[in-house]
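Structural features, examined
Residue-level listing of the chains:
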Amino acid sequence: MNEDKRVPCSGCSLLCDDIIVIEKDKSNYDIIGACLKGIQKFEQRNSKNRILSPYIRQNNELVKVEWDEAIKKTIKLIKGSLNPILYGFSTTSCETQLKAIKLAQKINGFIDSNSTICQGKVLNSAKKKGITTITLTEIINKSDVIILWGFNAVESIPRLLSKVLFSRGKFRLTGREIKTLIIIDTYKNASFKVLGTKDLALIVEPDKDIDLIKILKKICKNNIKLPNEGTAGIDKEDIKRFITYLLNSENIVIFIGQGLLKIQKDGNPLEKLLDLIDIINNKNKNGRISTVMMGGHYNMAGFEHIALSYIGKNQNIQFQNRKLIQTKMNIISKIKERDFDLSIIVGTDAISHFPSEISKILTSRPIILIDNRKSGTYFVADIVLPTAITGIESEGLAFRFDHVPIKLKKIMNPPNDIPNDEELLDKIISKLDKNNVNSD
Amino acid sequence: MIIPPKNFMELYKFLPQTNCKKCGKPSCMAFALELLKGTVKIEECTPLIEESKYKTGYNKLKELLEGEEGIKKELKINIDNEKCDACGICIIACPVNARYCYSILSGKTPDYPPDKHQLFLIKQGKCELLNLEHCRRLATEGRERECRICETYCPREAIKIEYN
């Protein structure tokens, strides 16, 4: 433990690889450098919220059962299903995601990850024009303007600003003084307290980001004059300062948050934003603008990579006769039209994330939950299978928000010999194979 | 006992501001700087004592430099761990930490056990103050003594610099 004590944290998509873990005695550890989110992940091991054994719903009540019985029931449910959906996977390792896609192929299911209602939308918008990305190390060493667009860094990813804004990179040795922070949001969020005197805060009217992007595009293209009354609730002078930063800085990074993902009245703001970045990057010879897709779950980017490399499609993957078929359905429409008879949810709290009408339909069919904590989905699931916490009790690969793979480490053993996600899915796949041979 | 540092402009306000050079310094501002460092005494500025119109200024300076009835105040950095979310901005932003812990430059957690100069430490999701004696407000001179970086940059307003 002493030699290799720096471990990656699987609390959020930043995957801080500098957490120091020191063993005090048998099950007590000192954790140094982790934020509250990371600490919560470590404390999950011994919390009341932890699921430690399999459960099955009998007479509308969850009953503790043995592993064999739970697996048997799971196999029975999967074999009886003709159109299952698999959802989640953004808080599991890449190895598990690959196994899950193989399972979906075997049982002719529909598989999708949390990314489809999150940062996958940015990738979809980028399919036409492409996207300029940047890695965390490059941001630390070279960035001079940081833009948080619809993204509350202080509350969602606590350590991001300390790494990105306050660090003194190789070419930005004065640190905070040389870096400019621009926050664009609809309200004064917690990140506004970090702003200094030369920084810029733009409070946009709700659903009017697209107007701001459009006016910026026009100015960059044709040098038109700004309207005196301002745009989208922002002052003329502020827009002028913003455009000066955009056109004259060396390395601008835009953090795209959840606030920009929604389709607005006049179209998709993401497409317009990527257009604007394209125009400025062609015009500006001294510098460039890059984007970063900010997701919350630690391995959201992983599913995109694994699915693209294994099957050639990153979202809405539907199998029929063990082959990929084209479909226009996504996870929401699939549930809304009741086009499923079983749902397998891995490592996420789908019931709480979806709108309530969608959640209600989801609960009307059997749910198999594979997770380590008692979330909202736990209380409506028909079968609950516990797993080890990836990044603490089992190892695996995960992709950071800037699409850089990081190897998570195993620090301690799981309680009750709980298998990890990968082993559990492996077990289910091998049991399904066995049953097929027997029935033949 | 630790003397609280002061802004030299605050001292300059109460000086005659005539630049008469009777104290031997080139200007009143230079005299104020020397006053802050403690290398000269207030009495060396003779117009302050001799002319009656500067009497209030003289009294004020005396109060500022020597404290009320000779009681000296002690520096305290209070950390409210209810508000703190262990983001580590204080560790990264603190200039003293940056000078002695190399990994801070790239935004990483400093080594453990901590360097003797390190001021802050994040442990179990809580911010701890290690040793105050290396803080800029005590260990340096001049403008650097007015450092309030940890207090101003804390997004949760959990750090408060106080004297009591």
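Residues numbered from 1 in each chain as written. Chains lettered and ligands numbered in written order. Predicted model: local features only at pLDDT ≥ 70, side-chain atom pairs only at ≥ 80, totals over all residues. Heavy atoms only, no water.

**Looking at the domain arrangement of chain A**
Residues and elements named next belong to chain A.
- Taken domain by domain, chain A consists of domain 1 (5–41), domain 2 (51–114 + 299–401 + 410–435) and domain 3 (119–293).
- For domain 2 versus domain 3, the separation of C-alpha centres amounts to 36 Å.
- Contacts between the two partners involve six residues from domain 2 and, on the opposite side, ten residues from domain 3.
- At the boundary of domain 2 with domain 3, total buried surface from both sides reaches about 640 Å², with 57% on carbon and sulfur atoms.
- Taken as a group, Q315, R400 and F401 account for 69% of the area that domain 2 buries against domain 3, more than any other trio of residues on that side.
- Linking domain 2 with domain 3 are zero salt bridges, by the criterion used here.
- Where domain 2 meets domain 3, there are two residue pairs in polar contact (both at pLDDT 80 or more). (Domains from an automatic or database assignment. Contact = heavy atoms within 4.5 Å. Buried area = accessible area lost by both parts, 1.4 Å probe. Salt bridge = Lys/Arg side-chain N within 4 Å of Asp/Glu carboxyl O. Polar contact = N/O pair within 3.5 Å; in protein donor to acceptor, adjacent residues only side chain to side chain.)

**Focus: the sheet that holds strand β16 (residues 367–371) of chain A**
All names here are of chain A.
- Ordered by their spatial adjacency, nine strands build an open sheet running β5-β4-β17-β16-β15-β6-β7-β13-β14, and the pairing between neighbours is mixed. Edge positions in the open sheet fall to β5 (61–64) and β14 (323–325), since each of these has one partner strand only. The mean angle between the axes of side-by-side strands here comes to 20°, regardless of whether they run parallel or antiparallel.
- The pairing of β16 with strand β17 (residues 383–386) spans four bridges and is classified as parallel. Counterpart to I368 in the pairing with β17 is I383. (Pairing = 2+ DSSP bridges. Helix = DSSP H or I, 4+ residues; strand = E, 2+ residues; numbered from the N terminus. Axes fitted to C-alpha atoms, helices over the stretch in contact; angles between N-to-C directions.)

**Section: the domain arrangement of chain B**
- Annotation of chain B at the domain level lists domain 1 (8–65) and domain 2 (75–163).
- Between the C-alpha centres of domain 1 of chain B and domain 2 of chain B there is a distance of 34 Å.

**Things to note about the side chain of S10 of chain A**
All names here are of chain A.
- Secondary-structure assignment places S10 in the loop between β1 (6–7) and β2 (19–23).
- On the accessibility criterion, S10 (3% relative accessible area) is buried.
- Engagement of the side chain of S10 in a polar contact is seen with the backbone oxygen of T390, the distance being 3.2 Å.
- Residues within four places of S10 in sequence aside, it is in contact with L15, K41, Y298, T390, G391 and L408. (Buried < 20%, exposed > 50% of the residue type's maximum accessible area, 1.4 Å probe, protein only.)

**A word on the pairing of strand β3 (residues 29–32) of chain A**
All names here are of chain A.
- By the alternation rule, side chains of β3 split into Y29 and I31 and D30 and I32, which are all buried.
- Bridge count between β2 and β3: four bridges; the pairing is antiparallel. The partner of E23 across the bridge, within β3, is Y29.
- Between β2 and β3, which pair antiparallel and follow one another directly, the connecting turn spans five residues.

**Considerations on the nonpolar core**
- Counting residues in each nonpolar core, the largest one holds 66 residues, and the members touching the most others are L148, L160 and F255 of chain A together with F120 of chain B.
- When residues in this core are grouped by element, the largest group, five residues, is from helix α5 (residues 89–93) of chain B.
- Residues contacting F255 of chain A, with those up to four places away along its chain left out, are I139, I146, I147, L148, W149, F151, L160, V164, V292 and M294 of chain A. (Core = buried A, V, L, I, M, F, W, Y, C linked by side-chain atoms within 4.5 Å.)

**Considering the sheet that holds strand β11 (residues 251–256) of chain A**
Residue and element names in this part refer to chain A.
- Within the open sheet, the five strands sit side by side as β10-β9-β8-β11-β12. Their pairing is parallel. The open sheet has two free edges, formed respectively by β10 (200–203) and β12 (288–293), since each of these has just one partner strand. In this sheet, neighbouring strand axes are inclined to one another by 15° on average, regardless of whether the strands run parallel or antiparallel.
- Sheet analysis places strand β9 (residues 180–185) next to β10, joined by four bridges and oriented parallel. Directly across from D185, in β10, lies its bridge partner I203.
- Sheet strands touched by helix α9 (residues 236–248): β8 (145–149), β9, β10, β11 and β12. Its angle to β10, the strand with the most contacts, is close to 125°.

**Considerations on the environment of I213 of chain A**
Residue and element names in this part refer to chain A.
- Looking at the secondary structure, you find I213 in helix α8 (residues 209–222).
- Remark: the alpha-carbon pair of I213 and L274, spanning 61 residues in sequence, is separated by 9.8 Å.
- If sequence neighbours within four positions are ignored, I213 has contacts with W149, P269, K272, L273 and L276.

**Describing the pattern of salt bridges**
Residue and element names in this part refer to chain A.
- Applying the stated rule across the entire model yields 26 salt bridges over all chains.
- Put simply, D18 and K163 hold a salt bridge, and the shortest N to O gap is 3.7 Å. On the criterion of sequence distance, the pair formed by D18 in the loop between β1 and β2 and K163 in helix α7 (residues 160–164) is long-range, its members being 145 residues apart. For the pair D18 and K163, one class covers both residues: buried.
- Here D266 makes a salt bridge to K214, at a shortest N to O gap of 3.9 Å. One end of the pair, D266, is in the loop between β11 and α10 (269–283); the other, K214, is in helix α8, and 52 residues separate them in sequence.
- One continuous salt-bridge network, built from bridges that share partners, spans K129, K217, D275 and D278.

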